[in-house]
Every structure is written in structure tokens, then in C-alpha cells.
Amino acid sequence: MDLFLGIDAGGTSTRALLTTSTGERAGYGLAGGGNPVAHGVEAALAEITTAVKQALGATDPGRVVNGVIGLAGLGALEDPAVHAAFTRAWADCGLHFPVRGVEDPLLAFVAGTPEPSGHVLLSGTGAVALRVADRRVTEVADGQGWLLGDEGSGFWLGRAAARHTIHHLTTPPTSSTPDMSGNHSARPGANRMGDSPAGQPDAVPTPVDQAAQPAVGSAGDSGGRSGSVGSAGDDPACSGSAVNVGGRVRGSGVVGAEGELARSVVEAVAGPGAALSSRTADLIIIRAQAAPVATLAPLAPLVGQAAEAGDPAAAAIIESAADRLLATLARVRVPGETSPIVLAGGVLMAQGPLRERVRGLCAERWAASVVIPGDTAAAAAWLAAGAHGAHANWLASGS
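Here we summarise the structure given alongside this text. (Residues numbered from 1 in each chain as written. Predicted model: local features only at pLDDT ≥ 70, side-chain atom pairs only at ≥ 80, totals over all residues. Heavy atoms only, no water.)

Examining the overall build of the chain
No. 1: Along the backbone of the chain there are 15 helices and 14 strands.
No. 2: In the chain, 70% of the contacts between residues at least 6 apart in sequence involve partners at least 24 apart. (Helix = DSSP H or I, 4+ residues; strand = E, 2+ residues; numbered from the N terminus. Contact = heavy atoms within 4.5 Å.)

With respect to the sheet that holds strand E8 (residues 136-142)
No. 1: Within the open sheet, the five strands sit side by side as E8-E7-E6-E13-E14. Their pairing is mixed. Of all strands in the sheet, those bounded by a partner on one side alone are E8 and strand E14 (370-371).
No. 2: When strand E6 (residues 118-123) meets strand E7 (residues 127-133), the two strands line up antiparallel, connected through six bridges. What sits directly across from Val-120, in E7, is Leu-130.
No. 3: Across the sheet, helix H13 (residues 353-365) is in contact with E6, strand E13 (341-344) and E14; its angle to E13 comes to roughly 165°. (Pairing = 2+ DSSP bridges. Axes fitted to C-alpha atoms, helices over the stretch in contact; angles between N-to-C directions.)

Brief notes about the sheet that holds strand E5 (residues 101-103)
No. 1: With mixed pairing, the five strands of this open sheet are ordered in space as E3-E2-E1-E4-E5. The strands lining the two open edges of the sheet, one partner per strand, are strand E3 (25-32) and E5. Strand after strand, the sheet turns through a mean of 15° between neighbouring axes, direction not considered.
No. 2: In this sheet, E5 lies alongside strand E4 (residues 64-71) in parallel orientation, the contact comprising three bridges. Each bridged residue has a counterpart across the sheet, and for Leu-71 the counterpart in E5 is Glu-103.
No. 3: The sheet strands contacting helix H2 (residues 41-56) are strand E1 (3-9), strand E2 (13-20), E3 and E4, and the helix crosses E3 at an angle near 155°.
No. 4: Each of E1, E2 and E4 touches helix H14 (residues 376-384); the most contacted strand, E1, lies at about 140° to it.

Digging into a nonpolar patch on the surface
No. 1: Together, Trp-146, Leu-147, Leu-148 and Val-293 make up a nonpolar patch on the protein surface, roughly 420 Å² of accessible area in all.
No. 2: Considering every element that reaches the nonpolar patch, the biggest residue donor is helix H5 (residues 145-148), with three residues.
No. 3: Counting through the fold element by element, Val-293 comes out in helix H9 (residues 292-296).
No. 4: Given the relative accessible area of 30%, Val-293 is considered partly exposed. (Patch = residues over 30% accessible without salt bridge, like charges linked within 9 Å, V, L, I, M, F, W, Y side chains within 5 Å. Areas by Shrake-Rupley, 256 points an atom, 1.4 Å probe, with all protein chains shown as cover. Salt bridge = Lys/Arg side-chain N within 4 Å of Asp/Glu carboxyl O. Buried < 20%, exposed > 50% of the residue type's maximum accessible area, 1.4 Å probe, protein only.)

As for the nonpolar core
No. 1: The biggest cluster of nonpolar side chains holds 46 residues, and the ones touching the most others in it are Leu-157, Leu-261, Leu-354 and Val-358.
No. 2: Among the nonpolar cores identified, the runner-up in size contains 28 residues, and Ala-76, Leu-77, Ala-85 and Trp-90 belong to it. (Core = buried A, V, L, I, M, F, W, Y, C linked by side-chain atoms within 4.5 Å.)

Quick look at the packing of helix H6 (residues 154-170) against helix H8 (residues 278-290)
No. 1: Two elements in contact, H6 and H8, have axes whose closest approach is 8 Å; the angle formed by their N-to-C orientations is 155°. Taken as axis vectors, H6 and H8 run roughly antiparallel relative to one another. Considering the relative orientation of H6 and H8, their crossing is left-handed. On the side of H6, the interface is formed by Ala-162, Thr-165, Ile-166, Leu-169 and Thr-170, while H8 contributes Ser-278, Thr-280, Ala-281, Ile-284 and Ile-285.
No. 2: Residues belonging to the contact of H6 with H8 are distributed by class as follows: six nonpolar, four polar and no charged. (Parallel < 35°, antiparallel > 145°, perpendicular 65-115°, else oblique. Left-handed = near helix turned anticlockwise from the far one by under 90°. Nonpolar A, V, L, I, M, F, W, Y, C, P; charged D, E, K, R; others polar.)

Re the pattern of salt bridges
No. 1: With the rule as written, the count across this model stands at 10 salt bridges.
No. 2: Residue Asp-8 is joined to Arg-15 by a salt bridge in which the shortest nitrogen-to-oxygen separation is 3.2 Å.
No. 3: One salt bridge connects Asp-92 with Lys-53, and the closest N-O pair in it is separated by 3.1 Å. Taken together, the residues span a long stretch of sequence, with Asp-92 in helix H3 (residues 80-92) and Lys-53 in helix H2 at a distance of 39 residues.
No. 4: By relative accessible area, Lys-53 is classed as partly exposed at 40%.

Comments concerning unusual backbone geometry
No. 1: Although it is not a glycine, Asp-134 adopts a positive phi angle of roughly 55°.
No. 2: Mapped onto the fold, Asp-134 is located in the loop between E7 and E8.
No. 3: A relative accessible area of 62% means that Asp-134 is categorised as exposed.
No. 4: Although it is not a glycine, Arg-135 sits at a positive phi angle of roughly 60°.
No. 5: Structurally, the position occupied by Arg-135 is in the loop between E7 and E8.

Digging into the pairing of E2
No. 1: Along E2, seven of the eight residues are buried, which leaves the element largely enclosed by surrounding structure.
No. 2: Across seven bridges, E1 lies against E2 in antiparallel orientation. Note that in E2 the partner of Leu-5 across the bridge is Leu-18.
No. 3: The antiparallel pairing of E1 with E2 creates a hairpin that spans three residues between the two strands.
No. 4: Pairing between E2 and E3: seven bridges, direction antiparallel. The residue of E3 that forms the bridge with Ser-13 is Gly-32.
No. 5: The turn joining E2 and E3, which pair antiparallel and follow one another in sequence, is formed by four residues; a positive phi near 95° is taken by Gly-23.

None of this, on its own, says anything about what the molecule does.
The following block contains the structure:
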């Protein structure tokens, strides 16, 4: 009986799935990250080989007639030396068919729908939208990396959370008077709803208690803030306003939802029990500049958690991220299209307010199904089998 091999080689893990011609599981393997760009060719191939050999087990490799690998960093295969290295790894596993790679976002699309055409909106560490036609990527929007783009990505969310936290820890309190519209102005010209530079609503952060902490720029407070992660006005959650509740101005130590995001970021970066102070803000800045992706991207889940807890700053970040992701998708999807939309990547595949907001915005704009992908290694095996047979059978084999 012919067998088919599907591999999803991501930056964190590599999964290999062996199936029959009807999609039944025949073997499975799991290893470390197989992205040659992130880990280097030799290290990535070692993990891919490990996963494939686990999936094969005692099976004769000669029974495997085709395979597909979904690869983060697919462009590396265009390098003749890299392609030759993959071919040698294939042979080491006893496989004799050509190496066939596909972009991992395309694999996510196939894992979400059997339809040949549609769109992928992906938000993981990075963010990208793609048009898929006949299972080929024909248009791409964003995906420009954390420095130049990836708006609405995990990195973008984490950076926004860090910016808010720094602002929260370094803004001295002032008195504020609520106006009749429910907005609060701590000083003339303070941002109100819709006044942010990006055109997004500004949430109201809770500033640091001036009696407990030095004002920004005071002695001992420089901490390398030049070239910092961000400043007020750079992010929808940093309006610089204080909130007057029950006749007093809330400070950073206040118990309540409005300080939830800053508190959780401080604990994540500086550790439990870290002081809510300008010195801690300096520590966040230093760590973010030393290792931007490793420091900021893991903060993304905290934004959704804080938004669910009622933190308005977190809610504003979620709204802005959803708007940015939809704007990216709209660059490759015209009004009136009805083909499916697949939401992919760790950020959008996780349950939470951002995914629900993006789903809602998609439904408002397009009469189309919006789906979450299933197992991507199973999707690769289905492609290896020629994309024939019941799509659901392969996806079930991968679960």
C-alpha cells in the first residue's frame, strides 16, 4: 500500500505524519524546530530527519511514494547548497522522491479548507495576509518582519503592551475631571477617543504614584531611555490621561482592571514581586532592546487576558490590532469575495478577544466562511497524496 508523508517544519517544532492513500494515520514523529533560517540548515535538517524517522518507524521507506514539507523560510530551498542538503537528508531517511516544499501559510490554508482558492490571515510572531489561487500563493500583504511591518502580530501586541507599561510606570499623576461624554482629561490637549496618531481609540492608562516614585527625568531615572521602546502617542493605549475614581487619582498600584496589563507585563519581564516603578520601566526597555522578539512577542497573550479582565488599555490594543489585521487582509481581498478566509498563526488560533474581534470584522465585510485550520502536517500529507480524497479524513488523522 502506498504511503504519503506530510511535514510541518516550524520554528519551534517539526511534525511528520505518515498516512495511507485514504488518509489513515500510519506513523507520526515530533522533533525540534526545523526552520533553516532560524536554526541553520544542518540543525534544522537534524530535527526534520528525527521527526521523519520517528514517523517511519519500522515501515519500509520505499512504500512512501510522495511527500510535502511546509517550511518557514521556504526561500532557503532556492539556494542550491541548501536544496542539496535537503536531498541528502531525504536519502538518509530512505526517501527517493524529490523534495517538495510549500510556504507554511499555504499549508495553514490547506489545513483550514479543501477549497483551492481563498485567503489566509496569519498572526503569530509575525503577521501576513495571502491570496491563494489553485493552492498557490498569488498575492502577499505585510509579512515584512517586526522592524518594518507585521502589524497586529504577536510581536506588535507585545510591543504595544510594553509601551503601555512603560508609560504607566513613568507618568506622574495629575488631577482629572470627567466631562459629560465620559472622557477624562488630565491636561489640556490630552488624547480622547479617536485622537491617537493611528486613528484608533486611546485607552486610559493608570499612571505611577508620584509620591512613591520619582518623576521621569529626575536624578537616577535616566536608565538608557534614549531610543526607548516607545513613548506616549505611539500606541493606542498610551494617551497619557489619568483616571479619577471615587475622588482620587488611580496610581500604578491600584487594585483593579485598569492596571492589569501593566502589572502582568512587569511580572512577565521583571519577575513576580517586581516594583511598579520607573526603574522597572528601565529594565523592560533594556531587555526589549537587547532581545526584541524574545522579550516582546511572549507578552502577546497578556493583552487578551487583560482585556478580558476589563483593562481599557488592553482593550484598545486589541481593537487596534484587529483593525490593522483587517486592513492587511483587505489589501489582497476585494469587497464581495465569498471564498473562505482561514485565520492562522498562534495569535489568531488562540481563543480570545482578538480572534473574536477579527472574526466579527471579517463577517461585517465579507459573506464568507471564516475558519481555524486543523493539523498542518495532515494537510501536507493530503497535498502529497494529490489533494484527492476526503479532506476531513486526512485532517482527522492528524488530530
